[in-house]
Amino acid sequence: MIDEDDGQAGAVVLAGAAARTRPALFAALAGALALPAYLGNTWDALADVLRDRLDAGPLTLLVTDAGQLLADEPADQYALLLAVLDDLATTAPHPLRVVLRS
(Lines give C-alpha, C1' and ligand atoms only; values in the text may rest on other atoms or scores of the structure.)
Protein backbone atom coordinates (compact mmCIF):
# COMPACT_ATOMS: atom_id res chain seq x y z
CA MET A 1 0.00 0.00 0.00
CA ILE A 2 1.07 3.61 -0.37
CA ASP A 3 0.76 6.85 1.54
CA GLU A 4 -2.53 8.79 1.73
CA ASP A 5 -0.66 11.89 0.52
CA ASP A 6 0.11 10.18 -2.77
CA GLY A 7 -3.51 10.36 -3.87
CA GLN A 8 -3.63 6.63 -4.53
CA ALA A 9 -4.60 5.45 -1.05
CA GLY A 10 -5.57 1.80 -1.03
CA ALA A 11 -3.88 1.09 -4.35
CA VAL A 12 -2.18 -2.21 -5.00
CA VAL A 13 1.39 -1.45 -6.02
CA LEU A 14 3.16 -3.40 -8.74
CA ALA A 15 6.80 -2.71 -9.65
CA GLY A 16 7.22 -2.60 -13.41
CA ALA A 17 10.89 -3.53 -12.93
CA ALA A 18 9.73 -6.87 -11.48
CA ALA A 19 7.41 -7.49 -14.43
CA ARG A 20 9.65 -7.19 -17.48
CA THR A 21 8.39 -10.49 -18.94
CA ARG A 22 4.89 -11.92 -19.22
CA PRO A 23 5.58 -14.76 -16.73
CA ALA A 24 7.06 -12.24 -14.29
CA LEU A 25 4.03 -9.96 -14.72
CA PHE A 26 1.62 -12.80 -14.03
CA ALA A 27 3.62 -13.85 -10.96
CA ALA A 28 3.79 -10.27 -9.66
CA LEU A 29 0.05 -9.75 -10.16
CA ALA A 30 -0.73 -13.09 -8.52
CA GLY A 31 1.33 -12.11 -5.49
CA ALA A 32 0.14 -8.51 -5.23
CA LEU A 33 -3.54 -9.36 -5.68
CA ALA A 34 -3.58 -12.79 -4.01
CA LEU A 35 -4.94 -14.28 -7.23
CA PRO A 36 -5.85 -17.96 -7.26
CA ALA A 37 -3.13 -20.55 -7.78
CA TYR A 38 -4.82 -21.82 -10.93
CA LEU A 39 -3.96 -18.61 -12.80
CA GLY A 40 -2.44 -19.68 -16.09
CA ASN A 41 -0.02 -17.68 -18.19
CA THR A 42 -2.53 -16.59 -20.82
CA TRP A 43 -4.21 -13.23 -21.26
CA ASP A 44 -7.63 -14.91 -21.13
CA ALA A 45 -6.80 -16.53 -17.79
CA LEU A 46 -5.61 -13.20 -16.41
CA ALA A 47 -8.78 -11.48 -17.61
CA ASP A 48 -10.90 -14.18 -15.94
CA VAL A 49 -9.24 -13.94 -12.53
CA LEU A 50 -9.17 -10.15 -12.61
CA ARG A 51 -12.86 -10.09 -13.49
CA ASP A 52 -13.50 -12.41 -10.51
CA ARG A 53 -11.47 -9.99 -8.35
CA LEU A 54 -13.52 -7.05 -9.65
CA ASP A 55 -16.73 -8.88 -8.73
CA ALA A 56 -15.70 -8.27 -5.11
CA GLY A 57 -15.16 -4.51 -5.42
CA PRO A 58 -13.17 -1.74 -7.11
CA LEU A 59 -9.44 -2.03 -7.71
CA THR A 60 -6.72 0.56 -8.20
CA LEU A 61 -3.44 -0.80 -9.52
CA LEU A 62 -0.42 1.49 -9.32
CA VAL A 63 2.47 0.42 -11.53
CA THR A 64 5.78 2.01 -10.56
CA ASP A 65 8.66 1.98 -13.05
CA ALA A 66 5.94 1.59 -15.70
CA GLY A 67 8.43 2.05 -18.53
CA GLN A 68 9.92 -1.30 -17.59
CA LEU A 69 6.60 -3.15 -17.65
CA LEU A 70 6.92 -5.99 -20.20
CA ALA A 71 10.10 -4.34 -21.53
CA ASP A 72 11.67 -7.72 -22.36
CA GLU A 73 8.66 -8.84 -24.42
CA PRO A 74 7.59 -7.93 -27.95
CA ALA A 75 5.55 -4.70 -28.06
CA ASP A 76 2.36 -6.61 -28.88
CA GLN A 77 2.41 -8.11 -25.37
CA TYR A 78 2.14 -4.65 -23.80
CA ALA A 79 -0.69 -3.85 -26.22
CA LEU A 80 -2.47 -7.07 -25.20
CA LEU A 81 -2.14 -6.18 -21.52
CA LEU A 82 -3.65 -2.77 -22.18
CA ALA A 83 -6.49 -4.37 -24.17
CA VAL A 84 -7.27 -6.75 -21.29
CA LEU A 85 -7.24 -3.91 -18.76
CA ASP A 86 -9.36 -1.69 -21.03
CA ASP A 87 -11.96 -4.42 -21.48
CA LEU A 88 -12.13 -4.98 -17.73
CA ALA A 89 -12.33 -1.26 -17.01
CA THR A 90 -15.32 -0.90 -19.31
CA THR A 91 -17.20 -4.12 -18.56
CA ALA A 92 -16.40 -5.27 -15.01
CA PRO A 93 -19.04 -4.83 -12.30
CA HIS A 94 -16.75 -2.56 -10.22
CA PRO A 95 -14.27 0.09 -11.33
CA LEU A 96 -10.72 -0.75 -12.34
CA ARG A 97 -8.23 2.08 -12.25
CA VAL A 98 -4.67 1.61 -13.49
CA VAL A 99 -2.06 4.28 -12.78
CA LEU A 100 1.23 4.04 -14.67
CA ARG A 101 4.15 5.93 -13.10
CA SER A 102 7.66 6.20 -14.48
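Above this text sits the structure in question.
A brief look at the structure comes next.

Parameters at a glance
Residues numbered from 1 in each chain as written. Predicted model: local features only at pLDDT ≥ 70, side-chain atom pairs only at ≥ 80, totals over all residues. Heavy atoms only, no water. Helix = DSSP H or I, 4+ residues; strand = E, 2+ residues; numbered from the N terminus. Rg over C-alpha atoms; globule rule 2.2 N^0.38 Å. Buried < 20%, exposed > 50% of the residue type's maximum accessible area, 1.4 Å probe, protein only. Contact = heavy atoms within 4.5 Å. Areas by Shrake-Rupley, 256 points an atom, 1.4 Å probe, with all protein chains shown as cover. Pairing = 2+ DSSP bridges. Axes fitted to C-alpha atoms, helices over the stretch in contact; angles between N-to-C directions. Patch = residues over 30% accessible without salt bridge, like charges linked within 9 Å, V, L, I, M, F, W, Y side chains within 5 Å. Salt bridge = Lys/Arg side-chain N within 4 Å of Asp/Glu carboxyl O. Core = buried A, V, L, I, M, F, W, Y, C linked by side-chain atoms within 4.5 Å. Parallel < 35°, antiparallel > 145°, perpendicular 65-115°, else oblique. Left-handed = near helix turned anticlockwise from the far one by under 90°. Nonpolar A, V, L, I, M, F, W, Y, C, P; charged D, E, K, R; others polar.

## Considerations on the overall build of the protein
Looking only at helices and strands, the protein has 3 helices and 3 strands in total. Starting at the N terminus, the α and β elements of the protein follow one another as β-α-α-β-α-β. Here the C-alpha radius of gyration of the protein, 13 Å, is about what a compact globule of 102 residues would show, namely 13 Å. C-alpha extents for the protein along the principal axes are approximately 35 × 30 × 25 Å. Sorting the 102 residues of the protein into buried and exposed places 35% on the buried side. Of the contacts made within the protein by residues no fewer than 6 positions apart, 65% connect residues no fewer than 24 positions apart. About 5,400 Å² of surface is accessible on the protein, with carbon and sulfur atoms providing 53% of the total.

## Focus: the sheet that holds strand β2 (residues 59-64)
Strand order in this open sheet of 3 strands is β1-β2-β3, and the pairing throughout is parallel. Strand pairing shows two members of the sheet lacking a second neighbour, β1 (12-15) and β3 (96-100), which therefore form its edges. Mean inter-strand twist for the sheet, computed between neighbouring axes without regard to direction, equals 20 degrees. Pairing of β1 with β2 involves 4 bridges; the strand directions are parallel.

## Remarks on a nonpolar patch on the surface
A surface patch of nonpolar side chains, about 210 Å² in accessible area, is lined by Leu82, Val98 and Leu100. Within the secondary structure, valine 98 sits in strand β3.

## Let's talk about the nonpolar core
Membership of the largest hydrophobic core comes to 29 residues, with the highest contact counts inside it found for Leu25, Leu29, Leu35, Trp43, Leu46 and Leu81. Going through the elements one at a time, β1, α1 (22-33), α2 (43-55), β2 and α3 (75-91) are the ones with two or more residues in this core. Per-element accounting of this core gives the leading share, 7 residues, to α2. Not counting the four nearest positions on each side in its chain, tryptophan 43 is found in contact with Arg22, Leu25, Phe26, Leu70, Gln77, Leu80, Leu81 and Val84.

## Digging into the packing of α1 against α2
To describe two helices that pack against each other, one gives the angle between their axes and the distance between the axes. With their axes 12 Å apart at the nearest point, α1 and α2 run at an angle of 15 degrees to one another. Judged by the angle between their axes, α1 and α2 are roughly parallel. In terms of crossing hand, the pair formed by α1 and α2 is left-handed. Judged by residue contacts, Arg22, Leu25, Phe26, Leu29 and Leu33 of α1 engage Trp43, Leu46 and Leu50 from α2. Residues of the contact of α1 with α2, tallied by class, amount to 7 nonpolar, no polar and 1 charged.

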